[in-house]
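Commentary on secondary and tertiary structure
What follows is the residue order along each chain.
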Amino acid sequence: MDIERIIKKINNDDKAIATLSLSGEIDKDEIVRQADLLKQMGMGGVIFHANAGLKTHYMSKDWCLDIQDIATALKGMGLKTYIADEDRRPGGICGSLATMNPRFRAKSLTYEIVPKQGFSFNALSQNVVGVYSVKIVKEDGMDKLAHYYKINDSASFKTDDDIMIVSVKENESSEFYNDGYYLDTLNAEAVRYYISKTHEKYKQEIGETFGREVVGIYSTEPIRGPMFSPMFSGSDWQKCCPYTYDTESEFEERWGYSLITRLPELFFFTRGEHYSIVTSHYAEVINNQFLSAYVIPYYEWCKNNNLVLFANFAGEETLTSQAMLTGSCMSCYRYCDIPGVDVPYLTEGYWGMMKQVTSVKRQFNKQSCFSLSYGGTGWGGTFAQYKLLADVQTYLGIDTRLIFKASSTLSQVAKRDYPTAITTQSAFIDEYSYVENYFSRLSALNKATKEGEHILVIHPLLSAWGMQVAGDCEDESRKDYHALEDKFASMYSYLIRNSIDFDYGDELIMAECAKVKGLGSSTSIRIGECKYKTVVVYGLETMRQSTFKLLSSFASRGGKVVFVDELPARLNGYKIDFASSELVKRSVRAQMNRELAQVIAPKSFIRVDEYGSEKNVCFKKRYFADGTVLLYAINLNKEQAIDAMIKIEGDYKVERVDLRGGTVEEMHVVRENGYTIISYLFEEGGEFVVVLSSLEKGKLFDGSSEITHEEKMFEKVAFNDVLEYKLSEPNVAVLDRAQYVVNGDGR
């Protein structure tokens, strides 16, 4: 295997893509000059999007033709051009032009509770969909329903309880939407109109460049609509959930009962409960509406027009945020050519969302998946921080980075803690290619290899749907929700730190695509291109009936199902006795502890022993077509070096791949009792990449040159008292946090 050829023959698909915000007057020559500098910094393409401060009229003919001319110039430079579908996030409004018609504006169901005294049916507006007699009681710090019934007219109004009025409202306008409104993304007619104002306008003006000069579209964080969410919502967000004209009929067709008769349960738990069947059912309906009205038509339009679709979706970070904004991100990723996530800074809390998108990439053989990187690294971000953030992403399966964020001018609005722009204004412009060359080489290796077999973890998102009711789901009082999130995080953290490869199984995707194949030891569940012989269930409050049937068939034919800690309590939201099911009787029961790894992944080709630390070094095996192994290991600890011993079953020739310098060198290793042993000191946040060739496939060092346990792996080098050095640039002191005193007082 010629590894040096792979890491030196880099193409644009192995490189990062810059995001360039356009503001002020569009100066095409200046933008092309900036793109050339981005190329020198190691980028393989540029995504252009409008931003605040833009003087050229967005989506005008001039705007479109400017983009065409820039794209043509970039193609001649060897760069790919992509266009963003919006001037901000979330995508879907065409700068608010798509929502000038009230029918196309996002809508919500909301409620108010009023006392019986003074209430009159005659005073109700035409937007009211239901009126109810309700008794609200306090339980576990929450408002819950003691009882309720629907009131149809004044004659049935015989109650001493309060009155709950549920109505449809138009979501509030916002300065964030250019003083306009967000799109009703559950409404297919509204989405078609939006596409006509943006995508079809591009096609009309520059359609002949699609697939050539302009190769793709980037859609940034479209949303299904906020459900009890403060993001992208109005002042009464704690009482609102997404709704469109046919939601009621879709609900009854899917679940067989009327939504209107049980609307209070959409907003409140009943007494004694911490789960709402109605809310869970409702969330699935609007998730499907979002897919059929927005996500799938958008994807098909791009496919029909020879454009690659990049997209990430709002609320991807946690179970709670997904339930609030998008529904199921994984079901949306299925309809993207290159799905992705926003990873603004390094935190273990983002590991789960990265595994979500990489799972769909593997299952549906997507050409790539991306992260929008560095948007929250701050002004103090260093190359080392950029590297470790991207190392973790790469380890988890992400192979394309969108670099946030370059700016064509300074006449625009900053976002959050705006990081140092990775562009022409950067002081490190001449050195930055060092970072990008490292990841281009790593990306090339990843694309030349394939991962091995994974286990399947059932994703607990649908359990979060039923725990969502009116109020603040992230409030400290919501211990049930926090417990669900903690279990979700503890499982992905455990598996990743124990170097156990896994994918998530989204229950909606599984209902449509998963099949059981084989018998006995060959039994597997297949989802798209992937097969799984072990399935792990942990942290589920409820399980979909389709998943239950699939796992029952899988276990009955010899497949391995592992239930960790508590069993699910519900099926499709309804309480059942899981313990008495044949599925559980045929499954393995395990605890969330140190021994779990031996239960779910008892055979390990590689073992890493760390001295004085605990599970900071993670490794991943990938395979070249001829069976040669690529071993990629990283130290997750950015503050502590880790001394580790890597023990590999079998006798191997070991070649160290230096991704920083682009070289390959055979390593001295210990071979003993059928194992290849490597001692390695991982620097803080450091990486270790080697290629393992079996004895039959590679020539070993002579026995005389092999080292033993007693020999030292390092040598001490003495320097003179004075070591000469010079700076690569002037030593300038930047006063970025100035202090001042006025009249001897204050700071």
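Computed from a predicted model, the values in this text were never measured in an experiment. (Residues numbered from 1 in each chain as written. Predicted model: local features only at pLDDT ≥ 70, side-chain atom pairs only at ≥ 80, totals over all residues. Heavy atoms only, no water.)

Right, let's get into empty space enclosed by the protein. Taken as a whole, this structure holds nine cavities of 30 Å³ or more when the rule is applied. The space that makes up the largest cavity amounts to roughly 130 Å³. Roughly 80 Å³ of volume is contained in the second largest cavity. Every residue lining the second largest cavity is listed: Trp255, Tyr275, Ser280, His281, Glu284, Leu462, Trp465, Thr542, Met543, Arg544, Asn572 and Gly573. (1 Å grid on protein atoms, 1.4 Å probe; cavity = no way out; pocket = protein on both sides within 12 Å on 5 of 7 lines; lining within 4 Å. Points joined across faces, edges and corners; volume = space filled by probe spheres on them.)

A word on the side chain of Glu541. Mapped onto the fold, Glu541 is located in the loop between β19 (530-537) and β20 (542-543). If near-sequence neighbours (up to four positions away) are discounted, Glu541 is found in contact with His274, Tyr275, Ser463, Met467, Pro568, Ala569 and Arg570. (Helix = DSSP H or I, 4+ residues; strand = E, 2+ residues; numbered from the N terminus. Contact = heavy atoms within 4.5 Å.)

Turning next to the pattern of salt bridges. It is possible for side chains bearing opposite charge to pair when their charged atoms get close. The final tally for this structure, using the stated rule, is 36 salt bridges. Residue Glu170 pairs with Arg105 through a salt bridge whose shortest N-O separation is 3.3 Å. Taken together, the residues Glu170 in strand β7 (residues 162-170) and Arg105 in the loop between β3 (80-84) and β4 (107-114) connect sequence positions 65 residues apart. The partly exposed category is assigned to Glu170, whose relative accessible area is 34%. Across the pair Arg254 and Glu284 runs a salt bridge whose closest N-O atoms are separated by 3.1 Å. Placement of Arg254 in helix α6 (residues 247-255) and of Glu284 in helix α8 (residues 277-304) is noted, with a sequence separation of 30 residues between them. Since its relative accessible area comes to 34%, Arg254 is described here as partly exposed. (Salt bridge = Lys/Arg side-chain N within 4 Å of Asp/Glu carboxyl O. Buried < 20%, exposed > 50% of the residue type's maximum accessible area, 1.4 Å probe, protein only.)

One pass over the structure, following the stated rule, counts 34 aromatic pairs. Residues Phe251 and Tyr257 carry aromatic rings whose centres are separated by 5.1 Å and whose planes lie at 85 degrees to one another, so their mutual orientation is edge-to-face. Residues Phe251 and Tyr257 agree in their burial class; the two are buried. Here Phe563 and Phe578 contribute two aromatic rings whose centre-to-centre distance is 6.3 Å and whose plane-to-plane angle is 65 degrees, an arrangement assigned as edge-to-face. Residue Phe563 is located in strand β21 (residues 560-564), and its partner Phe578 is located in the loop between β23 (574-575) and α18 (582-585); the two are separated by 15 residues in the primary sequence. Comparing Phe563 with Phe578, the two get one shared label, buried. Aromatic ring contacts, followed pair by pair, group Tyr194, Phe290, Tyr294, Tyr298, Phe313 and Tyr333 into a single cluster. Looking at Arg103, its charged tip hangs above the ring of Tyr245, at a distance of 4.3 Å from the centre. (Phe/Tyr/Trp six-rings, centres within 6.5 Å; stacked < 30°, edge-to-face > 60°. Lys NZ or Arg CZ within 6 Å of the ring centre and 35° of its normal.)

A separate point is the sheet that holds strand β26 (residues 617-623). Sheet architecture is open: six strands sit in the order β14-β26-β27-β33-β29-β30, paired in antiparallel fashion. Edge positions in the sheet fall to β14 (450-451) and β30 (663-666), since each has one partner strand and no second. (Pairing = 2+ DSSP bridges.)

Turning next to the confidence of the model for the chain. Summary statistics for the chain give a mean pLDDT of 89 and a share of 92% for residues scoring 70 or more. Note on residues 697-713: pLDDT is under 50 here. Beyond four places in sequence and across chains, it has 28 contacts. (pLDDT = per-residue confidence, 0-100.)

What follows deals with the side chain of Ser581. Mapped onto the secondary structure, Ser581 falls in the loop between β23 and α18. Owing to a relative accessible area of 9%, Ser581 belongs among the buried residues under this scheme. Within the local environment of Ser581, its side chain forms a polar contact with the backbone oxygen of Phe578, the two atoms lying 2.7 Å apart. (Polar contact = N/O pair within 3.5 Å; in protein donor to acceptor, adjacent residues only side chain to side chain.)

A word on the layout of surface pockets. Taken as a whole, the largest pocket holds about 1,300 Å³ of empty space. In this structure, the largest pocket is lined by 39 residues; those nearest its centre are Asn498, Ile500, Ala601, Lys603 and Ser604. Of all elements in the fold, only β15 (454-458), α15 (479-497), β19, α19 (596-600), β25 (606-611), β26 and β28 (642-649) reach the threshold of two or more residues within the lining of the largest pocket. Class assignment for the residues of the lining of the largest pocket results in 14 nonpolar, eight polar and 17 charged. (Nonpolar A, V, L, I, M, F, W, Y, C, P; charged D, E, K, R; others polar.)

Let us now look at unusual backbone geometry. The phi angle of most residues is negative, glycine excepted, and most peptide bonds adopt the trans form. Going from Phe404 to Lys405, the amide bond is cis rather than trans, its omega being 5 degrees. Examined against the element boundaries, Lys405 turns out to sit in strand β13 (residues 400-407). At Glu221, a position not held by glycine, the phi torsion is positive, near 55 degrees. At Asp565, a position not held by glycine, the phi torsion is positive, near 60 degrees. By secondary structure assignment, the location of Asp565 is in the loop between β21 and β22 (570-571). Residue class for Asp565 comes out buried when judged on its relative accessible area of 19%.

With that settled, consider helix α2 (residues 28-40). For α2, with 13 residues, the first-to-last C-alpha span of 19 Å sits near the 18 Å given by 1.5 Å per residue. Of all the residues in α2, the buried ones are Ile31, Val32, Gln34, Ala35, Leu37 and Leu38. Elements in contact with the buried residues of α2: β1 (16-24), β2 (43-54), α3 (61-76) and β13. (Expected span 1.5 Å × (residues − 1).)

Moving on, we come to the state of the cysteines. Taken as a whole and assessed by the stated rule, the structure comprises zero disulfides. Not part of a disulfide, Cys329 finds its nearest cysteine sulfur in Cys332, a span of 6.2 Å. Given a relative accessible area of 0%, Cys329 falls into the buried group. Cysteine Cys336 remains unbridged, with the sulfur of Cys332 as its closest cysteine sulfur at 7.3 Å. (Disulfide = S-S within 2.5 Å.)

Ordered by their spatial adjacency, three strands build an open sheet running β20-β22-β23, and the pairing between neighbours is mixed. With partners counted over all chains shown, the strands left at the sheet margins are β20 and β23, one partner each. Where β20 lies against β22, two bridges are found, and the strand directions are parallel. Paired with Thr542 across the two strands is Arg570, which belongs to β22.

Relative to β30, strand β29 (residues 652-658) is paired through four bridges, and the arrangement is antiparallel. Within β30, the position partnered with Val657 by the bridge is Val664. Taken together, β29 and the strand that follows it, β30, pair antiparallel across an intervening segment of four residues, in which Gly662 is found at a positive phi of about 75 degrees.

Residue alternation in strand β16 (residues 502-505) divides its side chains into two sets, Phe502 and Tyr504 and Asp503 and Gly505, and both sets are buried. Alignment of β15 against β16, held across four bridges, turns out to be parallel. Counted as the bridge partner of Val457 is Tyr504 from β16.

Looking now at the environment of Gly216. Relative to the elements of secondary structure, Gly216 occurs in strand β8 (residues 214-220). Given a relative accessible area of 0%, Gly216 falls into the buried group. Between the alpha carbons of Gly216 and Asp565 there is a distance of 45 Å; along the sequence they are 349 residues apart. Dropping the residues within four chain positions of it, Gly216 is found in contact with Thr81, Tyr82, Ile83, Leu307 and Val308.

With that out of the way, let us pick up the environment of Arg607. Note that Arg607 resides in strand β25. Judged by its relative accessible area of 45%, Arg607 is partly exposed. Sequence-wise, Arg607 and Tyr481 are 126 residues apart; in three dimensions their C-alpha atoms are separated by 36 Å. Setting aside residues no more than four positions away along its own chain, Arg607 makes contact with Met645, Ile646 and Lys647.

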